[in-house]
Structure formats: C-alpha cells, structure tokens
Amino acid sequence: MKRVAIVGAAGRMGRMLVRMVRSGSTPGLELSGAVDVPGNPEIGRDAGLVAGVPELGVAVSADLGAAARGADVAVDFSGHEAVLANAAVLAEAGVAWVLGTTGLSAEELAAVKKAAERVPVVMAPNMSLGINLLLTLLEEAAGALRGRGYDVEIVERHHRRKKDSPSGTALALGEAVARGYEWALDEVSVHGRGGLVGERPAEQIGFHAVRGGDIVGDHTVLFAADGECIEFSHRATSREAFARGALQAADWAVGRAAGLYTMRDVLGV
Ligand code: NAD
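This is a predicted model, so every value here is computed, not measured.

Scoring rules and cut-offs
- Residues numbered from 1 in each chain as written.
- Predicted model: local features only at pLDDT ≥ 70, side-chain atom pairs only at ≥ 80, totals over all residues.
- Heavy atoms only, no water.
- Pairing = 2+ DSSP bridges.
- Helix = DSSP H or I, 4+ residues; strand = E, 2+ residues; numbered from the N terminus.
- Polar contact = N/O pair within 3.5 Å; in protein donor to acceptor, adjacent residues only side chain to side chain.
- Axes fitted to C-alpha atoms, helices over the stretch in contact; angles between N-to-C directions.
- Parallel < 35°, antiparallel > 145°, perpendicular 65-115°, else oblique.
- Left-handed = near helix turned anticlockwise from the far one by under 90°.
- Contact = heavy atoms within 4.5 Å.
- Nonpolar A, V, L, I, M, F, W, Y, C, P; charged D, E, K, R; others polar.
- Buried < 20%, exposed > 50% of the residue type's maximum accessible area, 1.4 Å probe, protein only.
- 1 Å grid on protein atoms, 1.4 Å probe; cavity = no way out; pocket = protein on both sides within 12 Å on 5 of 7 lines; lining within 4 Å.
- Points joined across faces, edges and corners; volume = space filled by probe spheres on them.
- Phe/Tyr/Trp six-rings, centres within 6.5 Å; stacked < 30°, edge-to-face > 60°.

## Some details on the sheet that holds strand 3 (residues 60-61)
With parallel pairing, seven strands are arranged side by side in an open sheet as 3-2-1-4-5-6-12. The open sheet has two free edges, formed respectively by strand 3 and strand 12 (259-261), since each of these has just one partner strand. When strand 1 (residues 2-7) meets strand 2 (residues 29-35), the two strands line up parallel, connected through six bridges. Paired with I6 across the two strands is A34, which belongs to strand 2.

## Observations regarding the environment of W97
If you trace the backbone, W97 turns up in strand 5 (residues 96-99). Measuring from C-alpha to C-alpha, the distance between W97 and V73 comes to 5.7 Å, with 24 residues separating the pair along the chain. A polar contact is formed between the side chain of W97 and the side chain of D76, at a distance of 3.2 Å.

## Focus: the packing of helix 1 (residues 12-22) against helix 9 (residues 240-253)
At a closest axis distance of 9 Å, the pairing of helix 1 and helix 9 adopts a crossing angle of 60°. With respect to helix 9, the axis of helix 1 lies oblique. Both helix 1 and helix 9 take part in a crossing whose hand is right-handed. Counted together, M13, M16, L17, M20 and V21 of helix 1 and E240, F242, A243, R244, A246 and L247 of helix 9 form the full contact between these two elements. Here the residues of the contact of helix 1 with helix 9 are counted per class, giving nine nonpolar, no polar and two charged.

## Quick word on helix 1
Buried within helix 1 we find M13, G14, M16, L17, V18, M20 and V21. On the buried face of helix 1, the contacting elements are strand 1, strand 2, helix 2 (47-50), strand 4 (73-76) and helix 9. Of the residues flanking the end of helix 1, it is G24, one or two places downstream, whose phi is positive at about 75°.

## A look at the layout of surface pockets
Within this model, the largest pocket holds a volume of roughly 1,100 Å³. Residue lining of the largest pocket: 43 residues in total, with F77, S78, G79, T101 and T102 positioned closest to the centre. Elements represented by at least two residues in the lining of the largest pocket include exactly helix 1, helix 4 (83-93) and helix 7 (168-181). Considering only residue class, the lining of the largest pocket consists of 17 nonpolar, 18 polar and eight charged. There is about 770 Å³ of room inside the second largest pocket. Where the lining of the second largest pocket is concerned, the elements lending two or more residues are helix 5 (106-115), helix 6 (129-145), helix 7, strand 12 and helix 10 (263-267). The element that contributes the greatest number of residues to the lining of the second largest pocket is helix 7, accounting for five residues. When its residues are assigned to classes, the lining of the second largest pocket shows 15 nonpolar, nine polar and five charged.

## What to know about the packing of aromatic side chains
With the rule as written, the count across this model stands at four aromatic pairs. For the pair Y181 and W183, a centre-to-centre distance of 4.8 Å together with 70° between the ring planes defines the contact as edge-to-face. Among the residues examined, Y181 registers a relative accessible area of 5% and is labelled buried.

## Here we look at the pairing of strand 11 (residues 228-236)
As paired strands, strand 10 (residues 217-225) and strand 11 are joined by nine bridges and run antiparallel to one another. If you follow A225 over to strand 11, its bridge partner there is E228. With antiparallel pairing between neighbouring strands as the criterion, strand 10 and strand 11 make up a hairpin whose turn holds two residues, including G227 at a positive phi of roughly 95°.

Written as structure tokens, this is what we have:
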C-alpha cells in the first residue's frame with residue numbers, strides 16, 4: 001500500500017480526499033497522515049470523524065514533518081501561505097508532493113520548482129480529467145482559429161469563499177489558448193472591464209470572475225467572431241472530480257524521478 005498524508009485535511013478538499021482514500025476510489029492507497037494549520041479547531045480529532053465518516057485512527061495534526069516521515073506522498077490542498085514551508089519539509093523528507101493549492105506567488109512557485117529538483121511534484125490548478133482534456137482541445141482549437149478574427153473571453157464562476165481570482169484553472173485555460181494563438185498571456189490579459197473602455201483590441205484575452213453561493217467551479221472559454229461564437233464549457237458538480245484526479249496523481253507519483261509534472265503527464269491526455 002502507498003501511504004498518503006493529506007495536507008489541509010480539515011478543509012473542503014481535504015475532507016473529500018480523506019473520504020475518497022477511505023472508500024478506495026484509487027486502490028492501493030492508505031491514509032497515513034492528516035495535517036492542518038496550528039490552531040485549527042480540528043487538530044487532534046480523528047480525520048475520519050472530521051470528514052464525516054467513521055474513525056480512521058489517524059488524528060489531524062499540525063506536524064507536517066512527522067506526517068511526511070510516515071508517508072510516501074503528500075496530497076496538499078491547503079493555502080498558498082503554506083507552500084514555502086511545505087516545499088522545504090517535503091523535499092527534506094523525500095516525499096512525493098501532489099500540489100493542488102492555487103494562487104501561488106512567484107516566490108512560492110520558485111520554491112515548488114526547487115523542491116521538484118529533489119522529489120516528484122505533480123502541480124495542477126485543476127486535477128479533473130475534464131479540465132485537463134479541455135486544455136488539450138483548447139490549444140488545438142486556438143491553433144486552428146489563430147489569425148481568423150475570433151476574440152477570446154474566459155468566464156469562471158466559483159463559490160463565495162474562494163480566495164484567489166481569477167481561478168488558477170481560468171489562467172491555465174488562458175495559457176492553453178495563448179499557446180495556440182502564439183501570444184504571451186501576460187501581455188494580452190485583461191481582468192474584468194469597467195468604465196469607458198473603448199473598442200476591444202483583437203490581441204486580448206478577457207477574464208471574468210463571478211463569485212457566489214456554493215458553485216464548485218464553472219469555466220467557459222468563448223471564441224467570438226462575426227457571425228458565430230464557439231464555447232467550450234466545463235462544470236464541476238462536485239469536488240470529487242478534483243479529489244479523484246489528485247489521488248490518481250498520488251498513486252502515479254510514488255517512485256517517480258524528481259521533477260515537476262502536470263496532470264496531463266498523469267492522465268496521458
Ligand atoms: P479550504 O479553505 O476549505 O481548506 C484549506 C485548508 O487548509 C483549511 O483547513 C486550512 O486550515 C488548511 N491550511 C491552511 N494553511 C495550512 C498549512 N500551513 N498547513 C496545513 N493546512 C493548512 O479550501 P479548499 O476549497 O479546500 O481549497 C484549498 C486549495 O485548493 C485552494 O488553493 C483552492 O484554490 C485549491 N483547489 C484546487 C483544486 C485543484 O483541482 N487543483 C480544486 C479545488 C481547490
């Protein structure tokens with residue numbers, strides 16, 4: 001059995017991951033550790049009870065080092081503030097790292113890359129099969145539509161508690177389009193529009209972030225031209241889609257060479 005430590009175990013994704021490891025959604029994985037931030041009210045409670053299932057005999061702890069020493073892989077859906085410390089601890093322990101956390105700063109991203117020199121790291125802003133397939137399809141579509149007058153706008157919708165904007169997934173979709181259009185995303189991105197913005201330039205990708213209620217995650221990429229509009233949409237109806245992908249990544253990462261991998265490596269799409 002491959003031993004998995006869940007980081008951010010008391011969070012929405014963490015609890016889903018604990019439930020799915022328990023249910024055996026990816027055979028061959030067992031829960032060896034559950035970690036959350038010091039001061040979280042769930043510290044010390046059984047991770048199963050926290051996740052709404054029977055006791056699993058693994059208490060939620062604030063000690064990532066100890067959890068890492070007893071694990072083959074850490075599945076981390078915590079917060080970007082955790083990334084610098086987690087990178088150092090997991091690289092030191094030699095533990096594979098599946099990183100789902102989004103909203104990383106340049107410094108945090110550099111720490112992930114440094115850790116990937118020592119351990120296998122799978123990082124993806126969206127671990128669902130659907131979105132990773134969509135990335136491939138979008139790049140191909142953008143390659144076909146390049147220079148033919150199709151304006152690209154990306155609309156994402158998430159629950160009211162989401163901390164970063166636009167979503168990491170929306171940015172990844174934008175990157176896929178930019179690759180197909182042969183543009184540099186940071187040179188053409190615009191985030192929301194307000195006031196007298198004037199005519200839309202052709203070389204632009206617009207991002208729009210909607211926040212409200214309990215929306216798990218919807219993304220639509222529009223290619224709008226004179227006379228037609230093509231839309232690519234993905235709707236996550238449950239966090240299960242992300243958790244399933246993350247656990248597949250955990251299974252895949254154990255025993256790999258050090259390096260930075262994406263879900264497209266894991267899923268082969
Ligand atoms: P959440 O706020 O419900 O849970 C985060 C948990 O991490 C909390 O319990 C928090 O206490 C804990 N935490 C914070 N700092 C920590 C630290 N230093 N060490 C250990 N635990 C720490 O959030 P969520 O909705 O579960 O999302 C978590 C992250 O995962 C976000 O960045 C979100 O954008 C991302 N996410 C990614 C995917 C994907 O497929 N890659 C899918 C959903 C969410």
